[in-house]
Amino acid sequence: MDNNTNLSVICQCLQLLKVSPSRDCNLDYRAHKLFVGSSMLLFIEAQLQQRESYAEMSEHLIANESFQRLLGGLNSISASQLSRKMRQLPLANLHLLFMQVTEQIQQLTKDKRGITPKIGKLKLIDSTQITLPAILSKWAYCSVSNHGVKMHTSLVVVDAKTMYPDKMIASTRDIADHEVVQSFTIDKDATYVVDRGYQVYKHFQTWVTQGIKFVARVKENSQLTIVKERGLPKLGNFRRDADVTVPGQQIKLRLIEFQDNQGRLYRLVTNRWDLTAHQIAEVYRHRWQIELFFKWIKQHIRLVKPHGYTAEAIWNQMYIALIAYGLCLLLKLQLNCKQTIWQLLRLIRLYADKSWAMLLEAIERKPKRKSKGRPKRNGRPPKQAKKSMKPRIIVEI
């Protein structure tokens, strides 16, 4: 962390990204004021601060001299120029910046061994939908009342409290989850956890052949052939632990069936033969963390309300939101603070224009009153989206 006391908290945070605001001879050939590096910093700051419009970004830049210095002396820019720049930002550069932040997080978490040493690292795969207004996003048409996009994401769980996205594929809403899942499943050291939307037997065959570990929930009416029954644990609502085969594929998998406290049945297939039934159930319970991650991104980073509605602006803002999340987590890991990532983001917003020492003092301040808070409840997973119509777009870098 830079100890330059002349910079405000938000500028110190953005310096972690190591983005140069200067002109790039290739990317900024025709730019006069707003370059690619400075614009990325400006949009990431707006995402962290939940700026509601390009006009608000423009006014904030004029009013904040410290932020102007961070952007290489840029002291003003119009809202219309910001709108054009959001559409023109090279998606490859945002993807590269996202990967650089991810690599820094990986270095800081390389000694973490997963939720337990035996289970190891998990990678949760799922997607979230962003609904767009029909009149402004005809390119994302799925039906008369359905315009939107998807953000397919892989979330790495390195321990019970630390998780981060390491890959994202953007698409229109009509792309099924299982159509892009093979682009995620490449790490043989992790266990991939997926829901029923990824139930494709030929994918299971491929993962077994390639040595990819996975735990996948299958539908209740799945026609699985029982080969061998295993003994059930004495504790827990387990109904079956068996070796099975799947239709049309020459592989053997393990089937675990259990019920939760509300009586819902879960059927899981896996190639983790080394884990107990309790451990496999625990692996799948962590899948809910990616739903919480999507909720966090939409609620605290305003991804649900993008600034622009062209295809280029939507894809760019998805990466900007992930970079903003990664920056918060990176700061949390570097400072080794006990606050949640949301509590840290809230402090960054409150002390954005203050000194770095004031932020550190707020982070280290102990609460005057201890409270256990409300007990957490296990929510019901959302229903799967219905299959949509053309056009179909997938954006992968």
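Whatever comes next refers back to the structure up there.
Residues numbered from 1 in each chain as written. Predicted model: local features only at pLDDT ≥ 70, side-chain atom pairs only at ≥ 80, totals over all residues. Heavy atoms only, no water.

### Observations regarding the overall build of the protein
Part 1 of the argument: Across its full length, the protein carries twelve helices and eleven strands.
Part 2 of the argument: Taken over the C-alpha trace, the protein has a radius of gyration of 23 Å; the compact-globule value for 397 residues is 21 Å, and the two agree within 12%.
Part 3 of the argument: Once the C-alpha set of the protein is aligned to its principal axes, its extents read approximately 70 × 55 × 35 Å.
Part 4 of the argument: By the burial criterion, 53% of the 397 residues in the protein qualify as buried.
Part 5 of the argument: Taking the contacts inside the protein whose residues are at least 6 apart along the sequence as the reference set, 62% of them involve residues at least 24 apart.
Part 6 of the argument: For the protein, the exposed area adds up to about 20300 Å²; of that, 49% sits on carbon and sulfur atoms. (Helix = DSSP H or I, 4+ residues; strand = E, 2+ residues; numbered from the N terminus. Rg over C-alpha atoms; globule rule 2.2 N^0.38 Å. Buried < 20%, exposed > 50% of the residue type's maximum accessible area, 1.4 Å probe, protein only. Contact = heavy atoms within 4.5 Å. Areas by Shrake-Rupley, 256 points an atom, 1.4 Å probe, with all protein chains shown as cover.)

### Side note on the packing of aromatic side chains
Part 1 of the argument: As enumerated under the stated definition, the model contains 13 aromatic pairs in all.
Part 2 of the argument: Grouping aromatic residues by their ring pairs yields a cluster made of Tyr-201, Phe-204, Trp-207 and Phe-214. (Phe/Tyr/Trp six-rings, centres within 6.5 Å; stacked < 30°, edge-to-face > 60°.)

### Details of the nonpolar core
Part 1 of the argument: Judged by nonpolar contacts, the single largest core of 103 residues is most densely connected at Leu-14, Leu-17, Phe-43, Leu-48, Trp-315 and Met-318.
Part 2 of the argument: Here this core gets 18 residues from one element, more than from any other, and that element is helix H10 (residues 311-335).
Part 3 of the argument: Beyond its immediate sequence surroundings of up to four residues, Leu-17 is in contact with Leu-41, Ile-44, Leu-97, Gln-100, Val-101, Ile-323 and Leu-327.
Part 4 of the argument: Ranked by size, the runner-up nonpolar core spans 24 residues in total, among them Val-194, Tyr-201, Trp-207 and Ala-242. (Core = buried A, V, L, I, M, F, W, Y, C linked by side-chain atoms within 4.5 Å.)

### Some words on unusual backbone geometry
Part 1 of the argument: Although it is not a glycine, Lys-18 sits at a positive phi angle of roughly 55°.
Part 2 of the argument: Relative to the assigned elements, Lys-18 resides in the loop between helix H1 (9-15) and helix H2 (36-48).
Part 3 of the argument: Even without glycine at this site, Asn-336 takes up a positive phi of about 55°.
Part 4 of the argument: By the element assignment, Asn-336 lies in the loop between H10 and helix H11 (341-350).

### Here we look at the environment of Met-151
Part 1 of the argument: One can find Met-151 in strand E3 (residues 146-159).
Part 2 of the argument: When the C-alpha atoms of Met-151 and Ser-58 are compared, they prove to be 28 Å apart, with 93 residues separating the residues in sequence.
Part 3 of the argument: For Met-151, the residues in contact, after removing those within four places along its chain, are Asp-126, Ser-127, Thr-128, Met-168, Ile-169, Phe-294, Leu-303, Met-318 and Leu-322.

### Quick word on the environment of His-300
Part 1 of the argument: With respect to the element layout, His-300 can be found in helix H9 (residues 288-300).
Part 2 of the argument: Residue His-300 is classed as buried on the basis of its relative accessible area, which comes to 11%.
Part 3 of the argument: In contact with His-300, not counting residues within four places along its chain, are Gln-50, Trp-342, Leu-345 and Arg-349.

### Here's the deal with helix H6 (residues 91-108)
Part 1 of the argument: Compared with an ideal rise of 1.5 Å per residue, which puts 18 residues at 26 Å, H6 spans 26 Å between its outermost C-alpha atoms and is within 8% of the ideal.
Part 2 of the argument: Listed in full, the buried residues belonging to H6 are Leu-91, Leu-94, His-95, Leu-97, Phe-98, Val-101, Thr-102 and Ile-105. Considered in projection along H6, the buried side chains sweep an arc of 160° and stay on one side of the axis. (Expected span 1.5 Å × (residues − 1). Arc of directions from axis to C-beta.)

### A closer look at the pairing of strand E8 (residues 238-245)
Part 1 of the argument: Summarising the sheet, strand E7 (residues 225-229) and E8 pair through four bridges and their orientation is antiparallel. In the sheet register, Ile-226 faces E8, and the bridge partner there is Val-244.
Part 2 of the argument: Linking E8 back to strand E9 (residues 252-259) in an antiparallel pair, the connection comprises six residues, with Gly-248 at a positive phi of about 75°. (Pairing = 2+ DSSP bridges.)

### Observations regarding the side chain of Asn-271
Part 1 of the argument: Mapped onto the fold, Asn-271 is located in the loop between strand E10 (265-270) and helix H8 (277-285).
Part 2 of the argument: A residue is classified by how much of its surface remains accessible, and Asn-271, at 15% relative accessible area, is buried.
Part 3 of the argument: One polar contact links the side chain of Asn-271 to the main-chain carbonyl oxygen of Ile-212, over a distance of 2.8 Å.
Part 4 of the argument: If sequence neighbours within four positions are ignored, Asn-271 has contacts with Val-208, Ile-212, Lys-213, Phe-214 and Leu-253. (Polar contact = N/O pair within 3.5 Å; in protein donor to acceptor, adjacent residues only side chain to side chain.)

### Section: the environment of Ala-362
Part 1 of the argument: Looking at the element boundaries, Ala-362 is found in helix H12 (residues 356-364).
Part 2 of the argument: In the structure, Ala-362 is positioned 15 residues away from Leu-347 in sequence and 7.5 Å away in space, judged by C-alpha atoms.
Part 3 of the argument: Apart from the residues within four sequence positions on either side, Ala-362 is in contact with Gln-339, Leu-347 and Tyr-351.

### A short note on the pairing of strand E6 (residues 213-217)
Part 1 of the argument: Most of E6 sits out of view: four of its five residues are buried.
Part 2 of the argument: Read from strand E5 (residues 191-194) through helix H7 (residues 201-210) to E6, the crossover connection turns out right-handed.
Part 3 of the argument: Where E6 lies against E10, three bridges are found, and the strand directions are antiparallel. Bridge pairing in E10 links Val-215 to Thr-270. (Right-handed = clockwise from strand over helix to strand, strands pointing away.)

### Observations concerning the pattern of salt bridges
Part 1 of the argument: Overall, the coordinates contain 19 salt bridges when judged by the stated rule.
Part 2 of the argument: Measuring nitrogen to oxygen at the nearest pair gives 3.3 Å for the salt bridge that ties Lys-121 to Asp-187. Placement of the pair is Lys-121 in the loop between H6 and strand E1 (122-131) and Asp-187 in the loop between strand E4 (162-172) and E5, with a sequence separation of 66 residues.
Part 3 of the argument: Residue classification places Lys-121 among the partly exposed positions, given a relative accessible area of 28%.
Part 4 of the argument: For Asp-187, a relative accessible area of 14% puts it in the buried group.
Part 5 of the argument: Put simply, Arg-287 and Glu-291 hold a salt bridge, and the shortest N to O gap is 3.2 Å. (Salt bridge = Lys/Arg side-chain N within 4 Å of Asp/Glu carboxyl O.)

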